[in-house]
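So the chains spell out like this:
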Amino acid sequence: MDVSRDSSVEVLAGGEEEEPAETLRRSLKAQRQRRKKKLLDETTVEESHSRAQEQRKRRDDDEEEEEEVGEMEEISEVRSIQRSRGRLEAEPEPDDESEMGARSFTRSPRDLPPLPMTRPSSSLSESSIRQRMREKLRAARSKAESLLQQEVAVEPASRLQSLRDRDTVTRFDREAELPELKQTQGGDPSEIAGKVKFREAVRRVRIETQRGTGLPTAEEAFNFFTFNFDPEPEEEPSKRRKKRRGRREQSEGEDEGEDEEDEEEPEEQETEVERERAGEEEGDEERDEEAALVREGEEDLFLIEQSRQDFVEVKKAEYIGYNTRVQRDGELLFTPSVRTVPASSKLPENMQPRYLEEEGLYVGERPVVTLTNENILENRILRQDQGTKWFGDDGRIIVLPDPIKESSTRPPLFHMEGDLDPALQTVYRKAVKSKYAKRYMPGVGDTQGDYQLDVDVAGLIFSHHGLFSREHVLGARLAQLYDQHLSRQHKNLTRLLTDKLSGLRNTVRNILELHDGQGLSEITQQRIAEYKQEVKITRQMRDAEQEKDRALLKNIVKVWKEMKALREFQRFTNTPYKLYLRREEVDRDLDEREYDTEILAEVSELQAESIEDYEKKVAEYKKQHEEWKSWKKKQKAMKKKKKKKHHKSQDEDEEEDEEEESEEELGEEPPKPDPPEEPDLEAVEQRVREKASRIRRKPGEPILVPELSASSSVTPNEQCPRAESSRRQDVSKRSLFVKVLYNDKEVSRTDSRALTADFRVHFGQIFNLKVINWPESIKLQVYETVGSTTAQLAEVFVPVPEPSILTGSATSEQLEFSSDQRVVFNHEGVGSDVPFSFEADGSNRLTLLTSGKLSCCVSWAVGEDDIPLAPPVAHASAGINSGIKQMDAIACIGASSLNDMKKLGKWAAESRLDPNDPNNASIMQLLSVVSGGEVTVPAYFRLEQLQEEFNFLSDEELDRSRRFRLLRLRSQEVAEFRGYKCVPALEREVSDKIFQDYEKRLRDGKIVDTKEHLDAHRALVAKYLQKIRESVLNRFLIAKHHFLLSDVVVEEEVPTIGVLGLNLFKLAEPKRPLKPRRKERKKVTAQNLSDGDIKLLLNIIRAYDIPIRKPQASKPSGAMKSTRSVTETFTAGQASQTPIQGIDWPLNQVVVRPFVEVTFQRTVLQTSTAEGPNPCWNEELLLSFSAPNGDYSTSSLQSVKDEVFINIFDEVIHDISEGDRGGYHAHIERHWLGCVKIPFSTIYRQSRIDGTFKVDMPPVLLGYIKEHNLASEGGYDIVRNLTEGAFITLFITIEPQLVPGDSMREKFDTEEDERLLLASEFFEKDATQRFPDRPCLTTVIDINGKTVFITRYIRPLNPPQELLDVSPNNAQETAELIARYVSLIPFLPDSISFAGVCDLWSTCDQFLTLLAGDEEEHAVLLCNYFLFMGKKAWIIIGNAIPEGLSAYVLTHEQSRYLIWNPSSGQYYGQYDTFCPLQNVGCLINADNVWFNIQMYDAPMRISFDVTKSKFWKPFFSRAFAHPGLSSVQPEDLVYRRTDRAAATELQDRIEKILREKIMEWRPRHPTRWNRYCSSTLRHFLPKLELSGGRDVSEEHRVELQSLLGEYRISGFPLHLPFSEIQPIIEAVYSTGVHKAEMSNVEFALAVHVHPYPNNVLSVWVYLASLIRTR
Amino acid sequence: MASSNPSVFLLMINGQIEGAKFPEYDDLYCKYCFVYGHDWAPTSGVEEGISQITSKNRESHNLVWNFPLDITFKSTNPFGWPQIVVSVYGPDTFGNDVVRGYGAIHIPFTPGKHTRTIPMFVPESTSRLQKFTSWLMGRRPEFTDPKVVAQGEGREVTRVRSQGFVTLQFNIVTKDMKKLGYDTTPRSSDGASVTSLSAGDPTHTL
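Chain B has the name B9 domain-containing protein 1 in an unreviewed UniProt entry, where Coilia grayii is given as its organism. Here chain B is described in UniProt, under the heading Function (unreviewed entry), as follows: "Component of the tectonic-like complex, a complex localized at the transition zone of primary cilia and acting as a barrier that prevents diffusion of transmembrane proteins between the cilia and plasma membranes. Required for ciliogenesis and sonic hedgehog/SHH signaling." The heading Subcellular location (unreviewed entry) in the UniProt record of chain B holds the text "Cytoplasm, Cytoskeleton, Cilium basal body".

Chain A is annotated in an unreviewed UniProt entry as C2 domain-containing protein from Coilia grayii.

In structure tokens form, the structure reads like this:
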């Protein structure tokens, strides 16, 4: 409905819309025509005007510009028309003219700015022309404005619009034709003609383009190219423009007389082109020019593109009124209404909404949706097809109930630790086993787990009660006796025993008869005896029973008599008891006979027994008698003997003793046995008869059977005396009930029953107890109620029934109870616990307690289907360990606690268990298992007991597999196999050789190979170091696999506030473009590098104080103290060689020509040669670096041991005239002057080394002297001396910059106090925060990998005594000597040996044992020595060049501070310029650590006074006192004596090796050795050693010259600490002496090894090359 | 040419990185590289590559590269089977080139054509502030080495966020695998034997 309405509206609207649009268009068209006509008219006017002007211009050049401007203005007008023509849609156009004028000057983005500045290529004249032109232009513009003001011309669309349209250029191009055609219909004829011409031009251009490109251009291709049009580069059009301008000026003159029309057309075209490229730049050009341009290339394309602009139609902006627009929008857009949709539209026709909720059905709560949204949604849905299916019966959108719960299901979590009130905090209590927990019967809850106990309380009978009258007492007794009688009767034991007795007798008789009294076997006799015994026992039992029966009967009768008497006495009857005695007559004869036989049998038995007994006794007697007799005899005999002996030898004591002893041996005298009496058989019979008469019924006497009945009538209450009646009333008041208690808990109670007159209470109630807990006790409590008071009378425990006792089969039990309550009555009742008497006199008193019998029955119930509701038997014993049972075969059968199966088996056998009894079944099963011996409880526990089953190979086999072994070793990262590539696929391809090295290494672990090392001790040390290294590396490997986030993820650091602030501050800084700034280089992680990527950049800047060649003899130096002749011989040689030099000499110019050669990894580069002792090279050398094995990992780079050798040479040119060939040969010789060694590891660690280094120079340089003596002498003698020598300024870095490896992050073990460690951590942190550049060290890692506080390393230690003895008086010399000694210990950086893992500090004794260490070990040792010598010494931790972070030693002497370099032995004053120490971080001594908090850190600018807390921050202060740390250093050091023989041997070996090496390095030349020179040198070396390399050079030189006059010699001694042979070889190689290639060269080599204590060796190598000079 | 007794097997991978689904980003390109064990060596082909930048189509949100992969490995040991690691980069709102995802997957080992989709992820910034600054400066957290994602080591310290999917297509051909005792073809498939070359061994029968 709605839709149709809408559409109709739309149609209506469309109709309306059409109308105005059409009219508008028409009117616009008309307007446009009008305007065009006017414009054209104007143009013609203008043109004529301009022509006039032109003519004028020809006369006057100055006017030319103005005219041009006029033209330009016209053109712009025309153009505007054309543009509007090309556009179909009208736009609101700016009305004011100024806009139009301005437009011609506003630049489109592609336009060239009109500023002359932007056209740098324009010549001056041109620019001036332009300048003028622009002025004119401006003037013309104002003129044009005034002209245009009259018009109501509407300026066509803005430039932007046209540009935007260009996107769809091709379409427009095509469409452009249409308006044009339209235009032609109503257009001006002249205009048409122009247009046609223009079109022709366009077509021509097109054709030309096609021809030019040579392509059969399809329309698409063309479009494609035009589409891809790019703006021209700026200069080109401008240039062209200028060109054009120039031409135009020319052509203007030439084409002056041309047709007006002709001129106009190209102008029009041109403007279009120009407009496209540069908006306001105009210029008219001729067609030929244009055509030429077109032919040039791409321009033609955009020319064509331009043409579409020609078809632009000027049209008024089409305005759509707001209402119509809204209407139009309304057609296209749908805005759902917010109004509620009527229910009827949402439901199918003719349906009433049905509300389920009202019908009582559950409808969930709908999620909350605002009504507006719901309405919108409903409206929207309704618009769709089948929209109604979204609606439910109630006319609302079908919605699922709100799934969100009101409250969260999960309770909020509290943190228990913190904020809870202490009272609410949970307290842990150890779990306690509940008392009742284990009473639960297992299996409860199972199907058969219903256990039921039936408690049947039948009733109770009082045997005594306080309310008993006397008669009652007697009655009760009578009843009791009668019950007894009845029960005995029931059992009838007498009869039973009598039968048994007769049976036994028969048996015995039978046996005896069977054997006829003889030939009885042993067994039979035994059995007879047994039987007889049994007969005896049985008889006695029978007699006892019979006696009891008789006594009972008598008692009954007696009580009954008493009762009768009492009744008579009190004249009323209280009890209904009545006793009858029934008499049973017996056959008298039979009875008598039986009686007699019985007696006879008994008598005979007794007689037999007694005879037997007698015989036994007789036998015993006889035996005893015999014994006694024999004893007597013995005694007598002994007595006799005694006497005899006594007579014989009275004196003999010994014998006497013996006698006594023997007497004693006989012992006590046995009692004399009495002979047994003869059994009196008569008496036996008598006794039997007597007994029989007493216990047995007389023969013939009738059998009396008592019968108690309650038939007697009780006297009614009225007839009773008062006391009795009150008693009876009392009785009637009483009532009783019984409580049933199960496990001490009352479960039920019986109804209360009144006490009857006969004191019997019948309850007859059965309680069914459903049992869950295991029954422990069942108790019945009897309560008596008198009125309102209830008192417990008694408590009866009922035994828990066996599971086999079931209801139905169970018998009721009489349970006796009694109460000790004392009850006294004032009536007839006898009371309880009260003495009373039946006698009148009160005698024979009797006290009775309330007692009675409760008859009840407790049994297990039987279920409906006859299943007993009783728990199983097994559970009764072990209800707890059901869990174990399933596992344990033994526990399964209920014998878990049995340990010894054998014992159990034995017991079972002994106790003759009935194997068929089901109760014993489990035991029997167990026993059968045990006897089988199958089950043994294992004594061990196994986690994966099935693992073995799944191993497809045994471990041994797996180990045997070479391939698996290889794989395993690789994954363990064993050094030999780390990164092993391509493990062979098959076992057979793995050769055993692979493991050879590895196994060898394992084997050789302990064997020390001394062959490779020159010194056995060094070999040991090397081994030891290797081991330490391995262990540390292993730890490192573990740590390496431990990653931090920064290792894996690159993330920008969050700038801190400080940094941000600083950066902001920097922003505000004025820009100083001339101030150079160092840019941070990008760091490269080492992993993705390969060979050749890393370059070492060396910038050799300059050197100072290079030694100069010795001047000629003519100018002897003042320093020389040589004899004249020697100098002459030496210099004469030189002079003869160098005539050129000789020429130079007078000028004293060429004193030295040094150059630098850099050797790194056997690549050699050199600088150019400079001149003079202070040369300046400033050259950059690039050395490529290749890592060992191409492994560029950080750890590998850190362990690179290569060093950069920077050698300084002097280039000496000798001109040799070779007479044979004539002419001169310039021979260049190089003389080594000194070197600087910088380890690669230092460069790598520091990434940049920049500074001035002291050149390591030999103490003697033949042919050179130092220039220092020319310099002005400084104040300090020592300082001046130290500054001797050459220096070189270097800058070294690695390109690209490598990221140095991090130190290990592992936390080390420690024995330090936790508090100390915390303090040190804090101290270091604080230090780095305040001065990030200053190193601070408080804890270090010792060789065992433990953290140790640094001050523990400092302790005065004794240096070798020999060193102290050298110059005991000169402390300074001694100190120097000791420094030299320390420096002679080889240097081995930790970073190399431990691959940058960490810096290990070894103690001094370890250091001296290892004979290798880095700066800190040297420093510690030196410091300790100085302390021993009584100096004030500290260790400086600071940065030095070239080693970087390093340790130096500071001493204080005579108000002066000296800084010692421990690894070179040099020392510097505090104010020494060339001190390698650059900054000072902290000072350390044995007591404290001080951190430098002064403003500066260069040693020159700081104060070393540690007492000033302003300058030095102490670690231990008053707040944190020194805890008295003990030193880790030993008490004192023990030095081994030097082994001179070993030193000599080593010396020879080194010399030999060096000789071989030099010859090896000169493979193409013969190497001749000058023995004479060598020996001279060898003699000289010890002197050098003694002097420490100083002050002997001159003397030596003189000596040498005298010996080797006819040789030109160059050479020098090298001094090295000895560690291994390799460094020595390297050093020799680096000097390049072997490179002398003269044919007549000779060499001299001398080696001297000077031993110091503890195997510290100083090695001198003197190397010289000699050239014979004829 | 001991073809009867080979000591290595060959794995030839031929395929393409088809495209990706990154719903939020556009103009992405990707890099790939291979990570393989010590026993593997590429014999031919290209190990690493950077694709062209691709833009989204307006309708579907798939970025399509169709960037070819072609590499052949030889190996003696299936341990360290090659994985391809793909990392995707693209400009963020400020035009900075940032990483849009890392992902890795093992090369399928059964011969034949396989299409695999790798879920991509990027490491997360350590803190909100970091996140903000990295967003601002266009320096998102990145892995030091994209190959990290192919390894387990060190990953426990990173937190990542999933980002999108990259689909790859592999055509796998193996040679001599079976001869060395590695049977990767499913027993029932008969089509697989077609692609498993057993060149130069006529006696070899299944």
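We are not done yet, so read on.
Caption draft 1: Geometry of the overall build of chain B. Within chain B, the secondary structure is distributed over 2 helices and 10 strands. Reading chain B from its N end, one meets helices and strands in the order β-β-β-β-β-β-β-β-α-β-β-α. The buried share of chain B, reckoned over its 206 residues, is 45%. Counted over contacts in chain B with a minimum sequence separation of 6, partners at least 24 positions apart contribute 74%. As displayed, chain B offers around 10,400 Å² of accessible surface, 53% of which is attributable to carbon and sulfur atoms.

Caption draft 2: Spotlight on the overall build of chain A. In terms of helices and strands, chain A carries 50 helices and 41 strands. Residues classed as buried in chain A amount to 42% of the 1670 residues present. By sequence separation, contacts in chain A at least 24 residues apart represent 75% of the contacts at least 6 residues apart.

Caption draft 3: How the structure looks around the environment of A:P342. By secondary structure assignment, the location of A:P342 is in the loop between helix 14 (322–332) and helix 15 (343–346). Sequence-wise, A:P342 and A:G395 are 53 residues apart; in three dimensions their C-alpha atoms are separated by 8.9 Å.

Caption draft 4: Local environment of the sheet that holds strand 7 (residues 760–771) of chain A. Residue and element names in this part refer to chain A. Spatially, the 4 strands line up as an open sheet ordered 7-1-13-10, and their pairing is antiparallel. On the outer flanks of this sheet lie strand 7 and strand 10 (813–819), each paired with one strand and no other. Neighbour-to-neighbour, the strand axes of this sheet turn through a mean angle of 25 degrees, independent of strand direction. Where strand 10 lies against strand 13 (residues 850–860), 7 bridges are found, and the strand directions are antiparallel.

Caption draft 5: Region of interest: a nonpolar patch on the surface. Residues and elements named next belong to chain B. Together, F94, L129, F132, W135, L136 and M137 line one region of the surface with nonpolar side chains, adding up to about 610 Å² of accessible area. Tracing the backbone shows M137 in helix 1 (residues 128–137). The class for M137 is partly exposed, based on a relative accessible area of 42%.

Caption draft 6: Region of interest: the packing of helix 18 (residues 493–515) of chain A against helix 19 (residues 522–570) of chain A. Residues and elements named next belong to chain A. Interaxial distance between helix 18 and helix 19 falls to 9 Å at its minimum, and their mutual angle equals 155 degrees. Viewed along their axes, helix 18 and helix 19 adopt a mutual orientation that is roughly antiparallel. In the crossing of helix 18 with helix 19, the sense of the turn from one axis to the other is left-handed.

Caption draft 7: Spatial organisation of the sheet that holds strand 41 (residues 1656–1668) of chain A. All names here are of chain A. An order of 38-40-41-39 is seen for the 4 strands of this open sheet, with the pairing classed as mixed. Whereas interior strands pair on both sides, the edge strands pair on one side only; in this sheet they are strand 38 (1568–1569) and strand 39 (1607–1617). Pairing of strand 40 (residues 1641–1652) with strand 41, which is carried by 12 bridges, proceeds in the antiparallel orientation. Bridge pairing in strand 41 links H1650 to S1658.

Caption draft 8: Local environment of the packing of aromatic side chains. Residues and elements named next belong to chain A. Inspection of the entire model under this criterion finds 36 aromatic pairs over all chains. Centre to centre, the rings of F1323 and F1515 are 5.0 Å apart; their planes meet at 85 degrees, and the pair counts as edge-to-face. Residue F1323 is found in helix 41 (residues 1314–1330), and its partner F1515 is found in the loop between strand 37 (1512–1514) and helix 47 (1540–1561); the two are separated by 192 residues along the sequence. In this pair, the class of F1323 matches that of F1515, namely buried. Residues W1561 and Y1629 carry aromatic rings whose centres are separated by 4.9 Å and whose planes lie at 70 degrees to one another, so their mutual orientation is edge-to-face. Of this pair, W1561 sits in helix 47 while Y1629 sits in helix 50 (residues 1621–1631); the two residues are 68 residues apart in sequence, bridging distant segments of the chain.

Caption draft 9: Structural view of the pattern of salt bridges. According to the stated counting rule, one finds 36 salt bridges over all chains in the structure shown. A salt bridge links A:R542 to A:E602; the shortest N-O distance between them is 3.6 Å. A residue pair is termed long-range when its members are at least 10 positions apart, and A:R542 in helix 19 and A:E602 in helix 20 (residues 588–648) qualify at 60 residues. Taking the shortest distance from any N to any O, the salt bridge between B:K175 and B:D176 comes out at 3.0 Å. For B:D176, a relative accessible area of 8% puts it in the buried group.

Caption draft 10: Region of the structure containing the environment of A:R550. Residue and element names in this part refer to chain A. Within the secondary structure, R550 is located in helix 19. Residue classification places R550 among the partly exposed residues on the basis of a relative accessible area of 21%. A C-alpha to C-alpha distance of 6.3 Å links R550 and I695, two positions 145 residues apart in sequence. Sequence-distant contacts of R550, defined by excluding residues within four places in its chain, comprise R694, I695, R696, R697 and E701.

Caption draft 11: Region of interest: the packing of helix 47 of chain A against helix 50 of chain A. All names here are of chain A. For the pair helix 47 and helix 50, the least separation of the axes is 11 Å and the interaxial angle reads 45 degrees. Between helix 47 and helix 50, the crossing angle belongs to the class labelled oblique. In terms of crossing hand, the pair formed by helix 47 and helix 50 is right-handed. Between helix 47 and helix 50, the residues in contact are I1550, I1553, L1554, K1557, I1558 and W1561 and I1621, I1624, I1625, V1628 and Y1629, respectively. Residue composition of the contact of helix 47 with helix 50, by class: 10 nonpolar, no polar and 1 charged.

Caption draft 12: Region of interest: helix 19 of chain A. With 49 residues, helix 19 of chain A extends 72 Å between its outermost C-alpha atoms, agreeing within 8% with the 72 Å of an ideal straight helix rising 1.5 Å per residue. A:R571, located one to two residues past helix 19 of chain A, shows a positive phi value of around 65 degrees.

Caption draft 13: View of the state of the cysteines. Counted by the stated rule, this structure contains 0 disulfides over all chains. For A:C1423, which is in no disulfide, the shortest distance to another cysteine sulfur is to A:C1404 and amounts to 9.1 Å.

Caption draft 14: Up close: the interface of chain B and chain A. Chain B puts 30 residues into the contact, and the matching count from chain A is 28 residues. Both sides together, the interface formed by chain B and chain A hides about 2,400 Å², and carbon and sulfur atoms give 57% of it. When residues of chain B are sorted by the area they lose upon contact with chain A, B:H38, B:T144 and B:E153 head the list and together hold 23% of the total. Our count for the contact surface shared by chain B and chain A stands at 1 salt bridge. A:R970 is the partner of B:D39 in a salt bridge, and the nearest nitrogen-oxygen pair spans 2.6 Å. Between the two partners, chain B and chain A, sit 5 residue pairs in polar contact (both at pLDDT 80 or more). Among the elements of the structure, helix 1 and strand 9 (142–143) of chain B are those that each provide at least two residues to the side of chain B that touches chain A. Broken down by element, the side of chain B that touches chain A gets its largest block of residues, 4 residues, from helix 1 of chain B. Looking at the side of chain B that touches chain A residue by residue, the class counts come to 11 nonpolar, 12 polar and 7 charged. Taken together, the 2 bridges between strand 14 (residues 1049–1050) of chain A and strand 9 of chain B define a ladder with antiparallel strand orientation. Residue A:V1050 lies in a different strand from strand 9 of chain B, and its bridge partner there is B:E142.

Caption draft 15: Highlighting the confidence of the model for chain B. Residue and element names in this part refer to chain B. Confidence in the prediction for chain B averages 84 pLDDT; 88% of positions are at 70 or higher. In this model residues 189–206 is a low-confidence stretch, pLDDT under 50, and it forms 22 contacts with partners more than four residues away in sequence or in other chains. Confidence metrics for the complex model read pTM 0.44 and ipTM 0.81.

Calculation notes
- All residue numbers refer to position in the chain's written sequence, counted from 1.
- Here every chain gets a letter starting at A, and every ligand a number starting at 1, in the order they are written.
- Confidence filtering applies because this is a predicted model: local features only for residues at pLDDT of at least 70, side-chain atom pairs given and counted only at 80 or more, and all residues used for totals across whole chains, interfaces and linings.
- As a rule here, side-chain values cover all heavy atoms of the structure and leave hydrogens and water aside.
- UniProt positions are given in the numbering used here, feature names are shortened, and annotations may be inferred rather than shown by experiment.
- Labels follow the DSSP assignment, with helices taken as runs of H or I lasting at least four residues and strands as runs of E lasting at least two, numbered in each case from the N terminus.
- Categorising residues by exposure relies on relative accessible area from a 1.4 Å probe, with only protein chains included: less than 20% of the type maximum marks a residue as buried, more than 50% marks it as exposed, and the intermediate range marks it as partly exposed.
- Here, residues are in contact when the closest pair of their heavy atoms is within 4.5 Å.
- Only the protein chains shown count as cover for residues, and the accessible areas themselves come from Shrake-Rupley with a 1.4 Å probe.
- The criterion for strand pairing is that DSSP finds at least two bridges linking the strands in question.
- Between the N-to-C directions of two axes lies an angle of 0 to 180 degrees, each axis being a line fitted to C-alpha atoms and, for a helix, fitted only over the stretch in contact.
- Put simply, a patch holds well-exposed residues, over 30% relative accessible area, that have no salt bridge, with like charges counted together within 9 Å and Val, Leu, Ile, Met, Phe, Trp or Tyr side chains within 5 Å.
- Salt bridges are counted wherever a side-chain nitrogen of Lys or Arg sits within 4 Å of a carboxyl oxygen of Asp or Glu.
- The labels follow the angle: roughly parallel below 35 degrees, roughly antiparallel above 145, roughly perpendicular from 65 to 115, and oblique for the rest.
- Left-handed describes a crossing whose near helix is turned anticlockwise from the far helix through less than a right angle; right-handed describes the clockwise counterpart.
- Two rings belonging to Phe, Tyr or Trp (six-membered ring only in the last case) form a pair when the distance between their centres is within 6.5 Å. Interplanar angles under 30 degrees mark stacking, angles over 60 mark edge-to-face geometry, and anything in between is tilted.
- For this classification, Asp, Glu, Lys and Arg are treated as charged, while Ala, Val, Leu, Ile, Met, Phe, Trp, Tyr, Cys and Pro are nonpolar and the rest, including Gly, are polar.
- One fewer than the residue count of a helix, multiplied by 1.5 Å, yields its expected span.
- Here, two cysteine sulfur atoms that lie within 2.5 Å of each other are counted as a disulfide.
- Accessible-area loss on putting two parts together, using a 1.4 Å probe and summing over both, is the definition of buried area adopted here.
- Side-chain atoms alone can form a polar contact between residues adjacent in sequence; in general such a contact is a pair of N or O atoms within 3.5 Å, and within protein one must be able to donate a hydrogen while the other accepts it.
- On a range of 0 to 100, pLDDT expresses the predictor's confidence in each residue.

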